[in-house]
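Here is what each chain is made of, one letter per residue.
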Amino acid sequence: MRDNTAVFAAAINGTASNYSFFGQNGRLYNKDKVLVGSLATQSTSLVAARAAGNSVEFGHPSLAGFGSNIGATFSSGAPFVAFCAEVNASGNTFTTRGKIGTVIWNDLSGSMVFSRISNPNEVGQAPTEMARFDATGAFKLASNPSMSSNPPQSATAPGRVGEIAWDSDYFYVCVALNTWKRTALSTW
């Protein structure tokens, strides 16, 4: 018991209304919603990843690679969210267990980096950067974009502002709802 807060492991001959938390058949239940942290501007939560290498696991309980983490990398302390991957206890590397992983992290210079953990079942993998929003807000791809060709059939074909398409003769841009313009492509 701490700070006059009690947690009961069993609610024998009682009802849920008698307990903050109660256990039944190996499960822990709460009478109301669970709040973690405080109303302060900096959390005092006891459930937190607040040190390099710390993480909190979330997601599907399957051991087939669905495990995910939120936390901080070990070497740099960079905050991250890892999907189908978990942070390793050394370096800035991740482990996958049957699925290809994705990590979204802050590189501590203000960039939001989107990375892939490529091997679906390997320990100690460094993230491979795929894209980032840099500190100025500019979006950058790690490689050339690849887009499929699905050109509009007419200048009034269905489309949303900003959509682009191409074929062997033209580059198309949707400039208003259902309004396309095109420019010819040529060799040089």
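Everything below is about the structure shown above.
Numbers given to residues run from 1 along each chain, matching the order in which its sequence is written. Thresholds applied to this predicted model are a pLDDT of at least 70 for local features of residues and 80 or more for the giving and counting of side-chain atom pairs; totals over whole chains, interfaces and linings are not thresholded and use all residues. The side-chain values count all of the structure's non-hydrogen atoms but skip hydrogen atoms and water molecules.

Colleague: What am I meant to see in a nonpolar patch on the surface here?
Modeller: Patches in this entry comprise residues that are over 30% relatively accessible and not in a salt bridge; like charges within 9 Å are linked, as are nonpolar side chains (Val, Leu, Ile, Met, Phe, Trp, Tyr) within 5 Å. In this description, accessible areas are obtained by the Shrake-Rupley approach with a 1.4 Å probe, and a residue is regarded as covered only by the protein chains that are shown. Any carboxyl oxygen of Asp or Glu that lies within 4 Å of a side-chain nitrogen of Lys or Arg is treated as forming a salt bridge with it. Taken together, the side chains of M112, F133, F139 and L141 define a hydrophobic patch exposed on the protein surface, amounting to about 370 Å² of accessible area. Along the chain, L141 falls in strand β11 (residues 139-141). Secondary structure elements follow DSSP: runs of H or I no shorter than four residues count as helices, runs of E no shorter than two count as strands, and numbering proceeds from the N terminus.

Colleague: What exactly am I supposed to notice about the side chain of N88 here?
Modeller: Looking at where N88 falls in the secondary structure, it is placed in the loop between β6 (86-87) and β7 (94-95). Look at N88 and you get buried, because its relative accessible area is 11%. Each polar contact in these results corresponds to two N or O atoms within 3.5 Å; when the atoms are within protein, one needs to be able to donate a hydrogen and the other to accept it, and residues that are neighboring in sequence are counted only if both atoms are side-chain atoms. Reaching out from N88, the side chain makes a polar contact with the side chain of T95 at a distance of 2.4 Å. Burial classes: relative accessible area under 20% of the type maximum marks a residue as buried, over 50% as exposed, and values in between as partly exposed (1.4 Å probe, protein chains only).

Colleague: Is there a simple way to explain the environment of M112 in this structure?
Modeller: In this fold, M112 is placed in strand β9 (residues 112-117). For M112, a relative accessible area of 40% puts it in the partly exposed group. Through-space distance from the C-alpha of M112 to that of G137 is 9.1 Å; in sequence the pair is 25 residues apart. Contact criterion: two residues are considered in contact whenever any of their non-hydrogen atoms come within 4.5 Å of each other. Discounting residues that sit within four places of it in the chain, M112 has contacts with I104, W105, A131, R132 and F133.

Colleague: I would appreciate a short explanation of the pattern of salt bridges in the present structure.
Modeller: Where side chains of opposite charge bring their charged atoms close, a pairing between them can arise. Considering all chains together, one arrives at five salt bridges under this definition. Of the charged contacts, one joins K140 and D134 as a salt bridge, the two residues approaching to 3.2 Å between their closest N and O atoms. Judged by relative accessible area, K140 falls into the partly exposed class, the value being 42%. Residue E163 pairs with R160 through a salt bridge whose shortest N-O separation is 3.6 Å. Classification of E163 as partly exposed rests on a relative accessible area of 28%. For R160, a relative accessible area of 60% corresponds to the exposed category. Three or more residues joined by partner-sharing salt bridges are found here, namely D107, E129 and R132.

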